[in-house]
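Understanding the architecture of this molecule
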Amino acid sequence: MTSAKNAKVEKDLKELTEFDDRGIKWAKQAKSQGQKVIGVMDSYLPEELVIAHGMFPWLVTGRTQVETPIADLIHGGTKYCGHCNHVLEAIHHGEMDFLDGLIHTDWDDDRRRFGDVLDYWGKPGLAIEVHLPFAQSVTSSHWYQHELTRLSDVLAGFSGKAHQSAYIDQNRLLDAIITVNKTRQLLRKLYELRKKEIPPLTGGEYLNILLNSRVMPKELFNTKLEALLPSLEKRQSSKVKRPIVLISSDFLHLAEYLDAVESCGCAIAMTDFDLDRIFVWKDVDPSGRDRMAALVDAYFTPSTDARFGEWDKQMERLIAQVKEFNIDGVIQLRQTWSRPREIRSPHFLKRLTEASIPAISIEREYSMANIGQIKTRVGAFLEMVAAR
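Cut-offs applied
- Residues numbered from 1 in each chain as written.
- Predicted model: local features only at pLDDT ≥ 70, side-chain atom pairs only at ≥ 80, totals over all residues.
- Heavy atoms only, no water.
- Pairing = 2+ DSSP bridges.
- Helix = DSSP H or I, 4+ residues; strand = E, 2+ residues; numbered from the N terminus.
- Axes fitted to C-alpha atoms, helices over the stretch in contact; angles between N-to-C directions.
- Buried < 20%, exposed > 50% of the residue type's maximum accessible area, 1.4 Å probe, protein only.
- Contact = heavy atoms within 4.5 Å.
- Expected span 1.5 Å × (residues − 1).
- Parallel < 35°, antiparallel > 145°, perpendicular 65-115°, else oblique.
- Nonpolar A, V, L, I, M, F, W, Y, C, P; charged D, E, K, R; others polar.
- Right-handed = clockwise from strand over helix to strand, strands pointing away.
- Left-handed = near helix turned anticlockwise from the far one by under 90°.

Before going further, it helps to spend a moment on the sheet that holds strand β5 (residues 244-248). If you trace the 4 strands from one edge of the open sheet to the other, you get β6-β5-β7-β8, paired in parallel fashion. Two strands close off the open sheet at either side, each with one partner strand: β6 (267-272) and β8 (359-364). Strand-to-strand, the axes of this sheet are offset by a mean angle of 25°, without reference to chain direction. As paired strands, β5 and strand β7 (residues 329-335) are joined by 4 bridges and run parallel to one another. Opposite serine 248, over in β7, you have glutamine 332 as the bridge partner.

Further remarks concern the side chain of arginine 334. Within the fold, arginine 334 resides in strand β7. In this structure arginine 334 comes out as buried when scored by relative accessible area, which is 13%. Discounting chain neighbours no more than four positions away, the residues touching arginine 334 are Ser249, Arg341, Glu342, Ser345, Ser361, Ile362, Glu363 and Arg364.

Three- or four-residue spacings in an α-helix give side chains the same orientation, since the helix completes a turn every 3.6 residues. Between its first and last C-alpha, helix α16 (residues 371-386) extends 22 Å over 16 residues, near the 22 Å set by a 1.5 Å rise per residue. Residues of α16 that are buried include every one of Ile371, Ile374, Val378, Gly379, Phe381, Leu382 and Val385, and no others.

Relative orientation of the contacting elements helix α8 (residues 170-192) and helix α9 (residues 203-212) amounts to 175°, with a least axis distance of 11 Å. Put simply, α8 runs roughly antiparallel to α9. For the pair formed by α8 and α9, the contact residues are Leu187, Leu190 and Tyr191 on the first element and Tyr206, Ile209 and Leu210 on the second. Grouping the constituent residues of the contact of α8 with α9 by class yields 6 nonpolar, no polar and no charged.

As defined by bridge partners, β7 adjoins β8 across 6 bridges and the pair is classed as parallel. The residue bridging arginine 334 from the neighbouring strand is glutamate 363, located in β8. The handedness of the β7 to β8 crossover, carried by helix α15 (residues 339-354), is right-handed.

This paragraph deals with the packing of α8 against helix α13 (residues 291-299). Here α8 crosses α13 at 25°, and the two axes come no closer than 11 Å. Considered as vectors, α8 and α13 are oriented roughly parallel to each other. For the pair α8 and α13, the sense of crossing is left-handed. Contacts between α8 and α13 involve Gln170, Asn171, Leu173, Leu174, Ile177 and Arg184 on the former and, on the latter, Arg291, Leu295 and Tyr299. Its residues assigned to classes, the contact of α8 with α13 comprises 5 nonpolar, 2 polar and 2 charged.

Here β5 lies mainly inside the structure; 5 of its 5 residues are buried. Side chains Ile244, Leu246 and Ser248 of β5 all project onto a buried face; the interleaved residues Val245 and Ile247 project onto the opposite face, where all are buried too. Of the pairings in the sheet, the one linking β5 to β6 comprises 5 bridges and is parallel in character. Paired with serine 248 across the two strands is aspartate 272, which belongs to β6. Each parallel crossover has a hand, and for β5 linked through helix α11 (residues 255-262) to β6 it is right-handed.

Relative to the helices and strands, glycine 329 resides in strand β7. The class for glycine 329 is buried, based on a relative accessible area of 0%. Distance from glycine 329 to serine 356, taken between C-alpha atoms, is 9.7 Å for residues 27 residues apart in sequence. Among residues more than four places away in sequence, those in contact with glycine 329 are Ile244, Val245, Leu246, Pro358 and Phe381.

The structure is reproduced here in structure tokens:
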């Protein structure tokens, strides 16, 4: 490889493995090019719909400061979803004034309250809540398809093309599906490299690539990652063989958490996040005539999420990944006041124990507030894993 080509590889790798400004530069770039920017709060909401209506989807992550005084006051205190509070704090301080709209689900009561605050503030200009059913059935799938069709119709009107319904936009929706499927396929190739004895990237670098896939223009991200994959196949993040762990969490957007875990003496070879569970592992089927139904089939997957009652299916999938990626132990970093995770946690630990998989569940803040306590507990857990 020539020095010039090597320099470009390192530059592109740095760009994809860093997430310093939460991807705000990409949203502002799209805005400067005349696109409306739609913030996406939940992985259950198809970016394909936003793209099909000519707008720019942008994953909404919260500010990294520990304190959220305004959000605590108006959202009901600190005993609520940290992701929601940190996003509200950022919106209040004008850090997301570039957003033209924001879409979210009623994943839990905290997100419903989040939507109420947006309505009260009147910003961003468009705020849409999509109802997410609690169970998977023919009826609930039909309902979620109705909800996505409603979302598409609202986006069509907001884009200035109200005459173009979701049905009329089928060709553009197909183009969006193909583009986003390419992103998924490339990410799956990247995840395959995590099976190597020495993974090519740290856990934090993998997370930042995943985050960048949700804030960068899709074509640009696809081009850069596809060009990097051959180099990553030869790359090693460490020369030291360490215990291999899987991290399970939701709404974890700070690579520093994973860096801190690895600093305790392990390598993160796999993650079980809302970002990858829902987005990475299944393509949207582009072959059928009813593409809205295909979106529902790909995105509405209750067997992946603690919010839904299909806990045994969720654990079967997780245990299968532990075996596939040769995991030595599982660390759940559940966000404080994440009630779905909190309620499922005893079952989570019980099933892993029954499968003879070392596991621990640790609460974390959305920000890095309690990282010292986390490192202490992770260190003790890794000693236990090493002693097996």
